[in-house]
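Tertiary structure, described
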Amino acid sequence: MAGLWNAAKCLLQLSPNYVCCLRMSLRPIGVTIQPITLFSTVQSTPSIISSKRFNPVVSAVRNTSFFNKLPAESLWKGVTSVSNAGKKRGRGRAVGKKMAKNLNKGQVVGVGKTNMLWPGLNSPIIQGKELIQQKKLPDDPDREAKLLKLRDEMGAFRLLRLSPLERGWSGPKLPGRSVGPPDPVGEDNFEGFDTIVLEFKIVCNMKGNLGRTRRTSAFVVTGNGNGLAGFATGKAQMGMTALRKAKNRAAQKLMYVERYNEHTVLHDFFSAFGKTRVFVQKKPEGYGLVCHRAIREICKAIGIKDIYAKVEGSTKNVQHVAKAFMVGLLRQKTFEKIAEETKLHVVEFRKERDYFPQIMAKPSEVKTTKAIDDMDLNLHLNAGKVVSKRKKGFQPNESDPSWKNHISKTERFRNRDQVRVNLLVEHGEVRSFLADKYPECRQVKFMKKMEES
Amino acid sequence: MATRAVMFTIGKFRCFPILKNRIAKFTSSSNLLNTSTFDTGYTRDPSEVFFKENVQALLDRLTGRDYEKVFQNRKLGQRLEPPKYELLTQAEVDQVMVEMEVKLKKKLQMPPLLKEREPVTKILSKDAELQGFDNCKYVFIDISQGINDRKREVVVRDPNGVLRDASWEERQKMCQIYFPLPGRQISMPKMFEETHLQDCLDQGQYQFVLDRACAQFEPDDPDYIRVTRKTYNCIDENNKFSTLRSTRHFGPMVLHLVLCKRMDNLLFHFITSKEVKAAADLVRLFHLVWSDSSPSELDEFQLIENYIQGPAVKKPALELAWQTFLEIEKQRLEALSQQNKASN
């Protein structure tokens, strides 16, 4: 016996990395010591230990360890390793990082591996006039599996999959997404109103006593698509609260915007807010909203369907972009106002009507001579300033030999699309004069093989 | 057998041989449509009447001048541009309207009613020694600038050696190739074939058909006459006169109906829409065309009554409409006189 214990000590000495103790059981016949490879390889020295009478079986089993002794919080702390200060600063919440999982989720006090009826715990003691007894209920074979599945899904940060109609500007993130109409106030139900989030960010404020305090800031625009719209920002600790605040505040700050024929602005204008400059052009039906994405959402809220807006300067500052655009819209002059100011008829000429004059507004009295400022309406509206237009597109140097070469090659096909259409009209197919003589050079239309039902 | 196209350049002249299988098409079409009594009801040469000044004046008055309709957005598939604005004094506005008058006159210029053209028969020379030079005919066209397409020299050398003036169809095709007019196609569009034309007219696209016919054909082209007469008759049958009002086609249509003695529907339309002046003008036109004299009565009401009692074909309907109109007029005048008395 003493020899064996000495041998064990030797083993321990040989391998200082052993953490657990060896449980030695003595068997009367044919006992062997197997080398344990859990933590480190041990040079087995059977010569020292092997005895003629018994070889003890060594297996690493523990009934108690730190798992049982420590609370869940400190165990998780050991795995995730984020300090208290770190938690306040929001460290350890990146996508790859380990997150603490609440293992009590999915389990109820009183229900465990053995499904038993405990009166007073998971059932009433008296039911009607009977006393309920302890009873073993049939096992739930899936319980383990269900719990494991639940725990697997916890903590895994999966991206929301939204349909294209619900999506905003970028994935499942809030900017560009609709958050419904504002909350009703008294009698106003805000029917026909829709709010869209323009900016959703986390902002911090540093103070001496509190340190860094995080809040979410939401900048939204709300409108009924019929001239009424308003924008506002709301801040709160929780994102949803901030959204709600912003939405309702925007509903309080509605503005009426004049439109031309309910589809575009009244005239071209320029406006600026801070370093953000916006150049807006009036466009005809069917042109669309060709502008900054924030301006597009504001136009949708107001009910403008065709516009060209160029944002220069600070394009990322969404609040400035929105404010510049709104300021410009509100400063628009109606034709009646222009007529009264200039004492001249405001006349519209449209190309599709062969430039037939349409008098949009008449002043109360018309003057007989025009000043320089009255020569161009845009000049009058922009106080003498003119938008400097950039040259658009590729301007070829006509005498360039490479350009001449290009033209000489492409001239053959300059009418090809129209020729195809004409051939289809005349003959029903794209064919040449040789198609009759050589039927194999006719175009064969690709027909999808229909599945035989 | 289709032959290859061969191109020559001889100084100013260029020739373009026409494929043999096309010739048959042209000649057959002109044979079919030489009969001017085809579905029209008159053999008279309309150009005798059309170009008279008093007739033109009446047609002009009947057409009307609805500026909004003449200058409406025709939706021709062109790219839209944003409207332009100008600040104008009253004098400038008036000046612009004067310019618009000129444009309006051009837009309302009436395409003439002519009789069908006679096929071209002039032969320039017969050179039998040249026959069989090729298995297709050669067409030569003078492409000097500044010549009217109807006077341009277009000649054809047939494979049998005959040098002749090109037929109307050959002439139009060649001129369109070298001096293209916008909206005109080299061969007749399928739209003007009978079935397709009927489809268009059933859809009520009268102005479109007539505009395209103006662009595609010459006014004495048998096809043009066929298409326009069919359209006019269709409008007359369906009483859709307002679609052509204030367009350039209204005048020719009215003259056509008068010549066919089918103007009663139009008169009925005028009476029911209370356009007495227009109805009177129409009756005056009738007299001008058929008796070449302006009627003696100066009173419009009398004029119309006389027509209804006399030369009208659909007497019952017209009489009823006229009586209703007179009743309404009487009531209106009574109401007016009562109003005047009250105000006095």
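Since the structure is predicted, the reported quantities are computational estimates derived from the model, not experimental observations.

1. Regarding the overall build of chain B
- In terms of regular secondary structure, chain B is built from 14 helices and seven strands.
- Burial status across chain B gives 42% buried among its 344 residues.
- For chain B, the proportion of contacts with a sequence separation of at least 24, taken over those separated by at least 6, is 69%.
- Carbon and sulfur atoms provide 54% of the accessible area of chain B, an area that totals close to 19100 Å².

2. Section: the confidence of the model for chain A
All names here are of chain A.
- Overall, the prediction assigns chain A a mean pLDDT of 86, with 86% of residues at 70 or greater.
- In the predicted structure, residues 7–22 sits below a pLDDT of 50 and forms 20 contacts with residues beyond four places in sequence or in another chain.
- Contacts of residues 35–47 to residues separated by more than four positions or lying in other chains number 16 contacts, the stretch itself having pLDDT below 50.

3. Some details on the interface of chain A and chain B
- With 34 residues of chain A at the contact, the number on the chain B side is 27 residues.
- Buried surface at the junction of chain A and chain B, summed over both partners, amounts to about 2900 Å²; 59% is from carbon and sulfur atoms.
- A per-residue breakdown of the area chain A buries against chain B is headed by Phe 349, Glu 352 and Phe 356 of chain A, which together make up 21% of the total.
- Seen at the junction of chain A and chain B, the total is five salt bridges.

4. Observations concerning the packing of aromatic side chains
- Tallied over the full model, the rule gives 17 aromatic pairs over all chains.
- Look at Phe 356 of chain A and Phe 71 of chain B: their rings are 4.6 Å apart centre to centre, the planes differ by 15°, and that puts the pair in the stacked class. In this pair, Phe 356 of chain A is assigned in the loop between strand 15 (345–349) and strand 16 (357–361) and Phe 71 of chain B in the loop between helix 4 (67–70) and strand 3 (84–88), connecting two distinct chains.
- Relative to Phe 325 of chain B, the ring of Trp 322 of chain B has its centre 5.4 Å away and its plane inclined at 25°; by these criteria the two rings are stacked. With Trp 322 of chain B and Phe 325 of chain B both in helix 14 (residues 315–343) and three residues apart, the pair spans about one turn of that helix.
- Judged by its relative accessible area of 3%, Trp 322 of chain B is buried.
- On the accessibility criterion, Phe 325 of chain B (4% relative accessible area) is buried.
- Seen from the ring of Tyr 260 of chain A, Lys 282 of chain A lies directly overhead, with NZ or CZ sitting 3.5 Å from the centre.
- Taking the ring centre of Tyr 287 of chain A as reference, the NZ or CZ of Lys 283 of chain A above it sits at 5.0 Å.

5. Some points on the sheet that holds strand 7 (residues 194–207) of chain A
All names here are of chain A.
- Judged by pairing direction, the sheet is antiparallel, and its four strands sit side by side in the order 7-8-9-10 without closing on themselves. Since the sheet does not close on itself, it has two edges, and those belong to strand 7 and strand 10 (255–256), each with one partner.
- Lying over the sheet, helix 7 (residues 239–252) contacts strand 7, strand 8 (211–223) and strand 9 (228–236), oriented at roughly 145° with respect to strand 9.
- Sheet strands touched by helix 9 (residues 318–330): strand 7, strand 8, strand 9 and strand 10. Its angle to strand 7, the strand with the most contacts, is close to 130°.

6. Details of the pairing of strand 12 (residues 276–282) of chain A
Residues and elements named next belong to chain A.
- Burial along strand 12 is one-sided: the face carrying Thr 276, Val 278, Val 280 and Lys 282 is buried and the face carrying Arg 277, Phe 279 and Gln 281 is not.
- In this structure, strand 11 (residues 269–273) lies alongside strand 12, joined through five bridges in antiparallel fashion. Along strand 12, the bridge assignment pairs Phe 269 with Val 280.
- Hairpin connection from strand 11 to strand 12: two residues lie between these consecutive antiparallel strands, with Gly 274 at a positive phi of about 70°.
- Sheet topology note: the strand 12/strand 14 (residues 307–313) ladder contains seven bridges and is antiparallel. Each residue of the ladder has a partner; that of Arg 277, found in strand 14, is Glu 312.

Each value, and the rule that gives it
Residues numbered from 1 in each chain as written. Chains lettered and ligands numbered in written order. Predicted model: local features only at pLDDT ≥ 70, side-chain atom pairs only at ≥ 80, totals over all residues. Heavy atoms only, no water. Helix = DSSP H or I, 4+ residues; strand = E, 2+ residues; numbered from the N terminus. Buried < 20%, exposed > 50% of the residue type's maximum accessible area, 1.4 Å probe, protein only. Contact = heavy atoms within 4.5 Å. Areas by Shrake-Rupley, 256 points an atom, 1.4 Å probe, with all protein chains shown as cover. pLDDT = per-residue confidence, 0-100. Buried area = accessible area lost by both parts, 1.4 Å probe. Salt bridge = Lys/Arg side-chain N within 4 Å of Asp/Glu carboxyl O. Phe/Tyr/Trp six-rings, centres within 6.5 Å; stacked < 30°, edge-to-face > 60°. Lys NZ or Arg CZ within 6 Å of the ring centre and 35° of its normal. Pairing = 2+ DSSP bridges. Axes fitted to C-alpha atoms, helices over the stretch in contact; angles between N-to-C directions.

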